[in-house]
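Residues per chain are reported as follows:
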Amino acid sequence: MIQNLAVQALAPSTPFAGADIFQEAGWTAVDGFPQPRFDEDVWILLGVRGRPQHLAASELTWDFTEVVNPRWRLVAKEVTLAYWAPTHAAVVQLARAYRTPRALATCTRLKHLLFEWLNWLSDQGVLSLREVTQDHCQRFLALRSVVRDKHGRRLREASVSHKRAVVTAVMDLAFYGDLFTTDRYDPGFQPWGFAPPSVVAGWKKPGENKTPPVPDTILQPLLGACLYIVDTLGPHVVSLLRQVEARRPRTAPTVRRRPTFADMARALEEHRSGGEPLVELVETQVRQRLTAGWHPDDPLLRVSFQQLASRVGCREFRPPWITENLRGLTEETLNAVGLAKPWGRAAPTVPRADTQTPVPWTEPLHTREVLYLVAMVRHAALTVTGAVSGMRNSELSELLVGCRRSVEISPGLVRRSLASKIIKGQALGGLDDEWVVLEEVHRAVALAEELHRGGTVSLFGRVSYHSGYVSSLRPWVNGPAGRRLGLAPITDGQVNLRMLRRTFAMELAYRPNGMLAAKIALKHLSVVTTEGYTARPGGAQAKLLAEVNEHEQDRNLALALAEFRNYQQGIMPSGPGARELINFFEHVDGEIARQPAASPRVRASDQDLRNLLAKRAGTLHLGAANYCWFADPGKALCLKLAGTPNASRPLAGMCDSARCPQATHHPCHRTVWAETVDQNKVLIGSISRSRKGERVRLQAELDRAQRVLDEIDAAAGTASPEEHNADH
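As the structure is a prediction and not an experimental result, all values here were calculated from the model.

Participant: Tell me about the sheet that holds strand β14 (residues 663-664), and please be specific about residues and values.
Facilitator: Ordered in space as β12-β13-β14, the 3 strands form an open sheet in which the pairing is antiparallel. The sheet is open, and its two edges are formed by β12 (620-622) and β14, each paired on a single side. One ladder, built from 2 bridges, connects strand β13 (residues 627-629) with β14; its direction is antiparallel. Looking across to β14, one finds that Tyr627 is bridged to Thr664.

Here is the structure:
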């Protein structure tokens, strides 16, 4: 009590006394929400206009009473408001204070660490911040550098970003010490010598992106299942949800409480006359009946009497009301019509994902199972949206109901996009942005809108991808329902939105052989990503395209290096551009041989070779049946045919690699040309003699494909195509 009175006596001296939090932070409040004041111990920030949608309501309720030491609650409030109001007269005087407002999401993360730090000090017997030493700081960092489960068992080392946040939370109390009115660190105390938090946390300059792509063994069945769920099952799930939502409410004011025997008999007769099965009880209620003494072999154990009572307008039904007459009549009806779950009894058929055999799209379901199914389908729509657009978690959270946009560019040509916001690195409220997407993504978002059940305008709400994937999507696909529909099981392994974004970028870069290409017209992905860049050069889709370009450079350099190694082994390229490429390889080979002679103490390395190949690798573009070395646009046959000699990229759809002077063929392309030869032979054999013009055209294509195939085999020498393909 004495401590509380002391705090109250000191509180008026704080420069923030009586301040309106929203006004000091420069926020606008949504009508109907409270605007907390500094003196309150609980700040409810749900009314911040433009707040990030990915922040949960619990994260926007700041309860400073969670800090055990009452003196430090005011410290926590002062540093928090100083984060948001850097231009306040008392804050601008602090030499080390942040000069720009800290993001609401960042402060939410720091709040938890700050509260933990202050309460940990209390657990260590520290009564004043002046008692804090470097040893306290180091021990707290060591404690929070390990991720543990709820039982305290070590799981893994914490990420560098988390360690950096821990150091920041501890160090900021020193930076803002002159602002605090109830307690502060010793004036001469400098945690970690004020070294940058990233250095203390062990941060190193990032090289290659450490986020792994989703393995092919997971991506292929995951994407296949999600597209099947969205396109094939989605409309049926929407229809079923509408049926559930339209059911008669149990709490209608006109219903009676207890049904009579005549009421129950009438309900049973309706089932019998319509041939409608009785409603099966949910499993939890079956267990309750068994606990209450029902015999496991009782034929009425799984019959829902409550559903019968609701059918005749009665609010409830209790087991003691089951008379012998009612039991006998119910058993007769059960024998006549059977028992089934209430929803999806006459489900329409859909083709199985594997054999295309028609099967009912669902087995009968309980209401709770329908809602579980809806959650699973929404997560499948989220997966398609994230995996085939590359949107970040925060950008997906900002998708609102009605975010879809469609613009008809020309007859039959529609540009589809999603209106969202860039949150990362932006001021409160974010930056409006638009993502140009494929039709598959547009359909997935449309399905999510139809399954949206109100409560918030955010389409996917606070995105927690991992929990939805583990709890609903993967279990359903790998369970009885997925097996019945012919879906391939998804193997074990981690999947998150960052991994899906990385996979998306790599699939675009390494096309045309990626897993996405097996399900979607991958060339369209590249087109819409480029359109998104063109529509908004500074937008988030432009950043994604930059990441794709980085992967393309790595891919091209690896392919150029592999082809140079093949050249050294006598496996030569073929095609119109082969001689020029071989001359280039001869030059590189000569440079590699010359370097040790010029500098005997310096050994040529792979990096030297990569440097020599880098410029030529930058001109490489992949075709399905050739490599295009787009070094001179003036020589590109496709640009001449299209009449666009100044284009910066080749037109893959107009490529004629058998005639273009910049195209080369390699053993990895042999399969495509061999299949073309076989297909043309079959087509020629199936054409009647009267269609001479068609036969001549196909024969010319066959001769060209055979010539290219023979050139590939001749240039490859004695190496088998299988050995070469293994290198790629």
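Having seen it, we continue.
Participant: Any details on the packing of aromatic side chains? Residues and values, ideally.
Facilitator: Tallied over the full model, the rule gives 25 aromatic pairs. When the centroid spacing of 6.0 Å and the interplanar angle of 50 degrees are considered together, the rings of Phe38 and Trp43 count as tilted. Like Phe38, the residue Trp43 is buried in the burial classification. Between Phe305 and Phe317 the ring centres are 5.4 Å apart and the planes differ by 15 degrees, which places this aromatic pair in the stacked class. Of this pair, Phe305 sits in helix α11 (residues 305-311) while Phe317 is found in the loop between α11 and α12 (324-337), placing the two residues 12 residues apart along the sequence. By relative accessible area, which is 1% here, Phe305 ends up buried. Feature note: the residues Phe16, Phe22, Trp27, Phe38, Trp43, Trp62, Phe64, Trp84 and Phe115 constitute an aromatic cluster, connected by ring pairs. Positioned over the ring face of Trp62 is Lys111, at 5.0 Å from the centre of the ring.

Participant: Please set out unusual backbone geometry residue by residue, giving values where relevant.
Facilitator: Positive phi values are uncommon outside glycine, yet Trp192 reaches one of about 55 degrees. If you trace the backbone, Trp192 turns up in the loop between α6 (160-175) and α7 (197-200). Phi at Phe194 is positive, roughly 60 degrees, even though this residue is not glycine. Looking at the secondary structure, you find Phe194 in the loop between α6 and α7. For Phe194, a relative accessible area of 17% puts it in the buried group.

Participant: Please give an account of the environment of Ser420 that cites residues and values.
Facilitator: Relative to the helices and strands, Ser420 is located in strand β10 (residues 413-422). By relative accessible area, Ser420 is classed as buried at 6%. Not counting residues within four places of it along the chain, the set of residues in contact with Ser420 comprises Met391, Glu395, Glu398, Leu399, Leu431, Asp432, Asp433 and Trp435. There is a polar contact of 2.7 Å between the side chain of Ser420 and the backbone oxygen of Glu395.

Participant: Tell me about the confidence of the model for the chain, and name the residues and values.
Facilitator: Per-residue pLDDT for the chain averages 83, and the proportion of residues at 70 or more is 87%. Residue range residues 250-254 is modelled with pLDDT below 50. Its contacts to residues more than four positions away, or to other chains, number 6 contacts. Confidence drops under a pLDDT of 50 for residues 718-728, and excluding neighbours within four residues, the segment shows 17 contacts in the predicted structure.

Participant: Tell me what's going on with the environment of Leu637, and back it up with residues and numbers.
Facilitator: Of note, Leu637 is situated in helix α23 (residues 637-642). Overall, the relative accessible area of 14% leaves Leu637 in the buried class. Along the sequence, Leu637 and Cys660 sit 23 residues apart, while their C-alpha atoms lie 5.2 Å from each other.

Participant: Describe the nonpolar core, listing the residues and the values that go with them.
Facilitator: Ile229, Tyr465, Leu473 and Trp476 are the most contacted members of the largest nonpolar core, which totals 63 residues. Contributing elements (two or more residues each) for this core: α8 (216-245), α13 (367-387), β11 (431-437), α15 (439-451), α16 (465-478) and α18 (497-509). With residues up to four places along the chain from it excluded, the contact list for Ile229 reads Gly234, Met376, Val377, Ala380, Leu473, Trp476 and Val477. With 61 residues, the next largest nonpolar core counts Ala76, Leu104, Leu121 and Ala174 among its residues.

Participant: Outline the side chain of Ser458, supporting the account with residue identities and numerical values.
Facilitator: Its location among the elements puts Ser458 in the loop between α15 and α16. Overall, the relative accessible area of 1% leaves Ser458 in the buried class. In terms of polar contacts, Ser458 uses its side chain to reach the backbone carbonyl oxygen of Ser397, at 2.9 Å.

Participant: With reference to specific residues and values, describe the packing of α13 against α15.
Facilitator: Following both chains from N to C, one finds α13 and α15 inclined at 150 degrees, their axes separated by 9 Å at the closest point. Classified by the angle between their axes, α13 and α15 sit roughly antiparallel to one another. The hand of the α13/α15 crossing is left-handed. On α15, the residues that touch Val374, Val377, Arg378, Ala381, Val384 and Thr385 of α13 are Glu440, Val441, Ala444, Val445, Leu447, Ala448 and Leu451. Of the residues that constitute the contact of α13 with α15, the class distribution is 10 nonpolar, 1 polar and 2 charged.

Participant: Please give an account of the sheet that holds strand β9 (residues 404-410) that cites residues and values.
Facilitator: The strand order across the open sheet built from 3 strands is β9-β10-β11, with neighbouring strands paired in antiparallel fashion. Looking along the sheet, the strands with just one partner apiece sit at the ends: β9 and β11. Sheet twist, expressed as the mean angle between neighbouring strand axes with direction ignored, is 35 degrees. In the sheet, β10 pairs with β11 via 7 bridges, with the strands oriented antiparallel. Following the sheet pairing, Arg416 is matched in β11 by Val437.

Quick notes on the rules
- Residues numbered from 1 in each chain as written.
- Predicted model: local features only at pLDDT ≥ 70, side-chain atom pairs only at ≥ 80, totals over all residues.
- Heavy atoms only, no water.
- Pairing = 2+ DSSP bridges.
- Helix = DSSP H or I, 4+ residues; strand = E, 2+ residues; numbered from the N terminus.
- Phe/Tyr/Trp six-rings, centres within 6.5 Å; stacked < 30°, edge-to-face > 60°.
- Buried < 20%, exposed > 50% of the residue type's maximum accessible area, 1.4 Å probe, protein only.
- Lys NZ or Arg CZ within 6 Å of the ring centre and 35° of its normal.
- Contact = heavy atoms within 4.5 Å.
- Polar contact = N/O pair within 3.5 Å; in protein donor to acceptor, adjacent residues only side chain to side chain.
- pLDDT = per-residue confidence, 0-100.
- Core = buried A, V, L, I, M, F, W, Y, C linked by side-chain atoms within 4.5 Å.
- Axes fitted to C-alpha atoms, helices over the stretch in contact; angles between N-to-C directions.
- Parallel < 35°, antiparallel > 145°, perpendicular 65-115°, else oblique.
- Left-handed = near helix turned anticlockwise from the far one by under 90°.
- Nonpolar A, V, L, I, M, F, W, Y, C, P; charged D, E, K, R; others polar.

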